[in-house]
Amino acid sequence: MSIDESTICPAVWDHLCVNTRGNNRLCCNATTQQFDTFLGNYDNHWNELRDGVKKEMLQGKKPEICKVCWDREDSGISSLRQSFVSRYKNTERWNKFVETIDTTRPSPVELDLKLGNYCNLSCRMCNSFSSSMYATELHKIHKETGINLSKNEQELIYKQTKWFTDPIFIERIKQYIDDGLLEIKFTGGEPLMVPGVKEIIEHCITTGAAKNIQIQLITNITLLTEEWLEKLSYFELVVLTCSIDGTGDTYEYIRHPTNWRDVYSKLKQSKKYTNSNFILELTFTLQTYNMLEIKHMIDLRRELECRIGCITLYEPDYLDVRNATQQLKDDALLAINNIKSVTKHERIFLNNTINKINQEPNADLIAMKYKLKMISETKDPFRNQDFSKQRIYKYYE
């Protein structure tokens, strides 16, 4: 059948994302139906909600629930929808998808599981919903100083729902696997802290299903071991996505508490496993703190001979690079333009960073300058860190 590739998204038909609070979503960017949970009102989400979105897409409309992707595409930034279409078209799945587009699947063939907020790091750009360590730090600062740095009024009262520890969760995932699941993505929080992840992976291996499943593990890599690497190597395809937001002191300032030397060692260890079926990938969350780190990330990518992707940060507003000082933006763009011998893959990464930096500010720059400096210096004593030693400090004196 004829379809409009500019409005269609395979995720609506094949994909299920479950956020850290256990709510079902079309993908990690789509807005959430709060009452549709993985353990609860699952059928409403998989059938009724999706039917309406499918009809709109097939009519050439752009559903409001997918607004994030439309906004990114309008701004010249690659969207998740486009990546779904591109991924399908680069394999034999696209023709099959088009041929069966009117068929309602009884269950997803792709899973994106954000397994709660359990995490051993408190990254500067994070939130309580994605990191228990961040939540702990936020509460400690509030208790000892009276300063509330939460970006959401629920952050200080948020309690993790342990939906992913329920036996129903494990059994349902195992059923998907036995029914022919094709892809599964684990993230969090930090998925290597969740016991159920190892149980699910071992089920794939012992049943032989692993050889037909593509798996992506999005991790801060601090807990990665040789045992994990060996288990992952059983799968048809592995994408080990490591969240690396810079190198050296910049990395350590953003991702606390970590040691860059240890993380770098684990990256080198992971490189030894890479082949056509085991892909190492760096994911870089572009933010004000690391705008000057782009060349270092390209150098690291080249050393590891891996892929690299850019996550564009929209909140908190003071870390959104479009709200950085103009001089910092100018210097970051100059450094990017001076990178030599750029490959096609690197050009996509660099274009995404350039387009994001070039966006018009959406906040008062004087207020953002004060806010970034104030929040940085408020957190520093609780991390034994010093903002004045960061590369970007001179732009915020």
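Relevant structure appears above.
Residues numbered from 1 in each chain as written. Predicted model: local features only at pLDDT ≥ 70, side-chain atom pairs only at ≥ 80, totals over all residues. Heavy atoms only, no water.

Moving on: helix 2 (residues 42-58). Taking 1.5 Å of rise per residue, 17 residues should cover 24 Å, and helix 2 covers 23 Å from first to last C-alpha, within 8% of that figure. Of all the bends found along helix 2, the most pronounced is centred on Arg50 and spans about 40°. Buried residues of helix 2: Tyr42, Asn44, His45, Trp46, Leu49, Arg50, Val53, Lys54 and Met57, and no others. On its buried face, helix 2 sits against helix 1 (11-14), strand 1 (15-18), strand 2 (24-25), helix 3 (67-74) and helix 7 (167-178). The first or second residue beyond helix 2 is Gly60, which carries a positive phi of 80°. (Helix = DSSP H or I, 4+ residues; strand = E, 2+ residues; numbered from the N terminus. Expected span 1.5 Å × (residues − 1). Bend = angle between axes of the 7 residues up to and from the residue. Buried < 20%, exposed > 50% of the residue type's maximum accessible area, 1.4 Å probe, protein only. Contact = heavy atoms within 4.5 Å.)

What follows concerns the pairing of strand 5 (residues 183-187). In terms of burial, strand 5 is largely enclosed, as five of its five residues are buried. Across five bridges, strand 3 (residues 110-114) lies against strand 5 in parallel orientation. Paired with Lys114 across the strands is Thr187, a residue of strand 5. As judged from the four bridges shared by strand 5 and strand 6 (residues 214-219), these two strands associate in the parallel manner. Paired with Lys185 across the strands is Gln216, a residue of strand 6. Remark: the strand 5/helix 8 (residues 195-207)/strand 6 crossover connection has right-handed handedness. (Pairing = 2+ DSSP bridges. Right-handed = clockwise from strand over helix to strand, strands pointing away.)

Bringing the nonpolar core into the picture now. For soluble globular proteins, the rule of thumb is that nonpolar side chains tend to be buried together. Ranked by size, the top nonpolar core spans 94 residues in total, and within it Phe169, Ile173, Ile184, Phe186, Ile244, Leu267 and Leu282 carry the most contacts. If sequence neighbours within four positions are ignored, Ile173 has contacts with Phe38, Leu111, Leu113, Ile184 and Ile200. (Core = buried A, V, L, I, M, F, W, Y, C linked by side-chain atoms within 4.5 Å.)

Here the focus is unusual backbone geometry. Residue Gly189 is bonded to the preceding Gly188 through a cis peptide linkage, with omega at 20°. Mapped onto the elements, Gly189 comes out in the loop between strand 5 and helix 8. Residue His256 is joined to Pro257 through a cis peptide bond whose omega torsion reads -5°. Along the chain, Pro257 turns up in the loop between strand 8 (255-256) and helix 11 (260-271). Here the phi dihedral of Ile221 falls at roughly 70°; this positive angle occurs in a residue that is not glycine. Mapping Ile221 onto the fold places it in the loop between strand 6 and helix 9 (226-232). With relative accessibility at 0%, the residue Ile221 sits in the buried group.

A separate point is the packing of helix 13 (residues 326-337) against helix 14 (residues 344-357). Close contact between helix 13 and helix 14 brings their axes to 11 Å; oriented N to C, the two are set at 160°. By the criterion of interaxial angle, the relationship of helix 13 to helix 14 is roughly antiparallel. As helix 13 packs across helix 14, the resulting crossing turns out to be left-handed. On helix 14, the residues touching Lys329, Ala332, Leu333, Ile336 and Asn337 of helix 13 are Leu350, Thr353, Ile354 and Ile357. Taken together, the residues of the contact of helix 13 with helix 14 sort by class into six nonpolar, two polar and one charged. (Axes fitted to C-alpha atoms, helices over the stretch in contact; angles between N-to-C directions. Parallel < 35°, antiparallel > 145°, perpendicular 65-115°, else oblique. Left-handed = near helix turned anticlockwise from the far one by under 90°. Nonpolar A, V, L, I, M, F, W, Y, C, P; charged D, E, K, R; others polar.)

Counted according to the given criterion, the structure contains 18 aromatic pairs. Measuring from ring centre to ring centre gives 6.0 Å for Trp260 and Tyr264, while their planes differ by 35°; the resulting arrangement is tilted. Taken as a pair, Trp260 and Tyr264 lie in helix 11 at a separation of four residues, close to a single helical turn. Between Tyr289 and Phe387, the aromatic rings sit 6.4 Å apart at their centres with planes inclined by 80°, giving edge-to-face as the arrangement. With Tyr289 in the loop between strand 9 (278-286) and helix 12 (294-304) and Phe387 in the segment after helix 15 (365-383), the pair connects residues that are 98 residues apart, well separated along the chain. (Phe/Tyr/Trp six-rings, centres within 6.5 Å; stacked < 30°, edge-to-face > 60°.)

Take the environment of Thr247 next. Structurally, the position occupied by Thr247 is in the loop between strand 7 (237-243) and helix 10 (248-254). Linking Thr247 and Asp386, residues 139 residues apart in sequence, is a C-alpha distance of 17 Å. Once residues within four sequence positions are removed from consideration, Thr247 is found in contact with Trp260, Glu293, His296, Met297 and Leu300.

A few words on the environment of Lys67. With respect to the element layout, Lys67 can be found in helix 3. The class for Lys67 is partly exposed, based on a relative accessible area of 39%. For the pair Lys67 and Ala30, spaced 37 residues apart in the sequence, the C-alpha separation amounts to 7.3 Å. There is a polar contact of 2.6 Å between the side chain of Lys67 and the side chain of Asp71. (Polar contact = N/O pair within 3.5 Å; in protein donor to acceptor, adjacent residues only side chain to side chain.)

What follows deals with the environment of Thr100. Along the polypeptide, Thr100 turns up in the loop between helix 5 (93-99) and strand 3. For Thr100, a relative accessible area of 25% puts it in the partly exposed group. Each C-alpha atom, one on Thr100 and one on Phe84, is 16 Å from the other, the two residues being 16 residues apart in sequence.

This brings us to the pattern of salt bridges. One pass over the structure, following the stated rule, counts 28 salt bridges. Here Arg93 ties to Asp14 by a salt bridge, and the two come within 3.6 Å at their closest N and O atoms. Taken as a pair, Arg93 in helix 5 and Asp14 in helix 1 lie far apart in primary sequence, 79 residues in all. In this structure Arg93 comes out as buried when scored by relative accessible area, which is 18%. The class of Asp14 is buried, set by a relative accessible area of 2%. (Salt bridge = Lys/Arg side-chain N within 4 Å of Asp/Glu carboxyl O.)

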